[in-house]
Amino acid sequence: MTVPIRTGKVVPLFPVGGAEVLVPREIRWPGGTEPCPAAPLLAAGLRRRGLRVADGIVLAGSGPPRHLPPHERAALAPGWAGAPLGVPGPALAVGHLCKGHGEAMRAELSAAARALRPRRVLLTAPRSFCAGVERAIRAVERALAEHGPPVHVRKQIVHNTHVIEDLAGRGAVFVDELDDVPEGGLVIFSAHGVPPSVRARARERSLRVVDATCPLVSKVHAEARRFAGRGDTVVLIGRRDHEEVIGTAGEAAAATVIVEDAGDVASLRVPDPRRVSYLTQTTLAVDETADVIDALRKRFPALRGPRSDDICYAATNRQAAVRAVLPDADLLLVAGSPNSANSRHLVELAHRLGTPAHLVDRCEDIRFSWLRDAATVALTAGASAPPGLVERLAGVLGGLGPVTVTERVTAVETLRFGDPATAGLS
Ligand code: SF4
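Reading the values: rules and limits
Residues numbered from 1 in each chain as written. Predicted model: local features only at pLDDT ≥ 70, side-chain atom pairs only at ≥ 80, totals over all residues. Heavy atoms only, no water. Axes fitted to C-alpha atoms, helices over the stretch in contact; angles between N-to-C directions. Helix = DSSP H or I, 4+ residues; strand = E, 2+ residues; numbered from the N terminus. Parallel < 35°, antiparallel > 145°, perpendicular 65-115°, else oblique. Left-handed = near helix turned anticlockwise from the far one by under 90°. Contact = heavy atoms within 4.5 Å. Nonpolar A, V, L, I, M, F, W, Y, C, P; charged D, E, K, R; others polar. pLDDT = per-residue confidence, 0-100. UniProt positions renumbered as here; feature names shortened; annotations may be inferred. Buried < 20%, exposed > 50% of the residue type's maximum accessible area, 1.4 Å probe, protein only. Core = buried A, V, L, I, M, F, W, Y, C linked by side-chain atoms within 4.5 Å. Near = heavy atom within 4 Å. Pairing = 2+ DSSP bridges. Right-handed = clockwise from strand over helix to strand, strands pointing away. Polar contact = N/O pair within 3.5 Å; in protein donor to acceptor, adjacent residues only side chain to side chain.

It is worth spelling out the packing of helix α6 (residues 215-229) against helix α7 (residues 243-251) at this point. Between α6 and α7, whose axes approach to 8 Å, the crossing angle comes to 30°. The angle between α6 and α7 falls in the class roughly parallel. At the point where α6 passes α7, the crossing takes the right-handed sense. Residue-level inspection shows V217, V220, H221, A224 and R225 of α6 in contact with α7, the latter providing E244, G247, T248 and E251. Across the contact of α6 with α7, the residue classes break down as 3 nonpolar, 3 polar and 3 charged.

Summing up the model confidence of the protein, the mean pLDDT is 86 and the portion of residues at 70 or higher is 83%. Across residues 1-11, confidence stays below pLDDT 50; counting only partners more than four residues off in sequence or on other chains, it has 56 contacts. This stretch, residues 78-91, has a pLDDT under 50; its non-local contacts, to residues over four places away or in other chains, come to 49 contacts.

This brings us to the UniProt feature "active site" (unreviewed entry) in the protein. Here, UniProt's "active site" (unreviewed entry) annotation points to E244. Position of E244 relative to the elements: it lies in helix α7. Judged by relative accessible area, E244 falls into the buried class, the value being 2%. When near neighbours in sequence (up to four residues on either side) are disregarded, E244 contacts H192, V217, T280, Q281 and T282.

A few words on unusual backbone geometry. A cis amide bond links A125 with the next residue in sequence, P126, at an omega value of 5°. Among the structural elements, P126 can be located in the loop between β9 (119-125) and α3 (131-147). Here the bond from P149 into P150 is cis, since omega is -5°, no more than 30 degrees from zero. At K155, a residue that is not glycine, the phi angle is positive and equals roughly 65°. Position of K155 relative to the elements: it lies in the loop between β10 (151-154) and α4 (161-169). Judged by its relative accessible area of 18%, K155 is buried. One non-glycine residue, S206, lies in positive phi territory at about 55°.

Time to look at the nonpolar core. If you look at the biggest cluster of nonpolar residues, it comprises 41 residues, and the most contacted ones within it are V140, I157, I188, I237 and L296. Elements with a contribution of two residues or more to this core: α3, β10, α4, β12 (186-189), β14 (233-237), β16 (276-280), α9 (286-299) and α10 (313-325). The element best represented in this core is α3, accounting for 7 residues. Once you skip the residues sitting within four places of it in the chain, V140 turns out to touch V153, I157, L167, A172 and I188. Counting residues in hydrophobic clusters, the runner-up holds 39 residues, among them L41, L116, V121 and L393.

Moving on to the site of the ligand. In the vicinity of the ligand, the contacting residues are C130, G132, V133, C214, L216, T282, T283, C312 and Y313. Each residue belonging to the shell around the ligand can be placed in one class, and the counts come to 6 nonpolar, 3 polar and no charged.

The subject of this paragraph is the side chain of T248. Locating T248 in the fold gives a position in helix α7. Not counting residues up to four positions away in its chain, the partners in contact with T248 are V220, H221, A224 and L236.

On to the pairing of strand β11 (residues 172-175). Judged from the 4 bridges that link them, β10 and β11 form a sheet pairing that is parallel. Bridge pairing links V151 to A172 in β11. As a crossover connection, the stretch from β10 through α4 into β11 is right-handed.

We now examine α4. For α4, every residue scored as buried is listed here: H162, V163, I164 and L167. Those residues of α4 that are buried lie in contact with α3, β11 and α13 (387-398). Looking at where α4 begins, the residue whose side-chain oxygen comes 2.9 Å from the main-chain nitrogen of H162 is N160. Within two residues after α4, G171 carries a phi angle of roughly 115°, on the positive side.

So, in structure tokens, the structure goes:
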């Protein structure tokens, strides 16, 4: 595709410091103002190529559209030309800033140009926050409102960069261990839960505790105690290093063994093969976990498990919603942070079903190359990712061409958990 480039005298409306390239989030032309919603992608792409990039608002002249010379240095803004540019079809707005970096600029600009096209965006539903995450965030907000900052939280309250940054900005202090909380102070336990050793340490230090452990995780803790109490080996299916698994395993440490996948099952050694129960991390992939349980059942025919599935409703619903849109999607983008297990599983599900998919913590993570052949993009969000992030992703795609947005609803969630109390631990 040949993409016309509109250039003109560019006047930055912000200090550009040592920047080599100016990527405007908004261009003011004589004929009007054009927002540049995809500018963060360009800025990030140029940074990855080693350029120093500034962003902000620029004033641009009104020269005629032309093609970008190879040596051009400029402010860049990918966009679908509207009235201000006066160019039918896709266009890139460019203005001068400084000399150098022609190759890097041209390469990124050309990647951006190839990503410009009309698109269909399919939003999956349900997506984003679950009841356990909402409850945990409310617990921190309530503590901040009632006690004022700082409020200490053990570990990330939920696994999401935006949630953590927002709460930290309002006075939450995230600590790895209780020894970092002042003696007698208030601490909030995260939605993923804690092992009993952490509760014991909170008692020793006379801490007041708000336990934001998700009730569905607490249910698994109770099952671990019950299964171990009747003399079973508890096989816990999940990631060894995940906070939830560490918490659940701690409930019956001597009786628990952890398996991560079906491959781990063959090497399991248990004291009595007739007395084995299984439990799962709440956010696993439904299909993969079924394979592990099948492998366990083959090795231990008397295997027992929880009355109802431990994979929680939110993980199950988000996976089903993604499964429903994948046949129509060229690409799946999952809003979520790298340490969010349920978000990662949505990406892995798409890969298993043959659709390209990427985890996107911030809009800037999107690469133009992903979008080149993607006429239909499905968007979803893991249970810990804020709903606004999906809207921002859709907005960025709208900066690369006209989009039609459709939502596919596969389930309606109404569950809401009550707030946890503040308590000294006895
Ligand atoms: S994903 Fe499920 S288990 Fe985890 S916090 Fe949400 S509702 Fe609770």
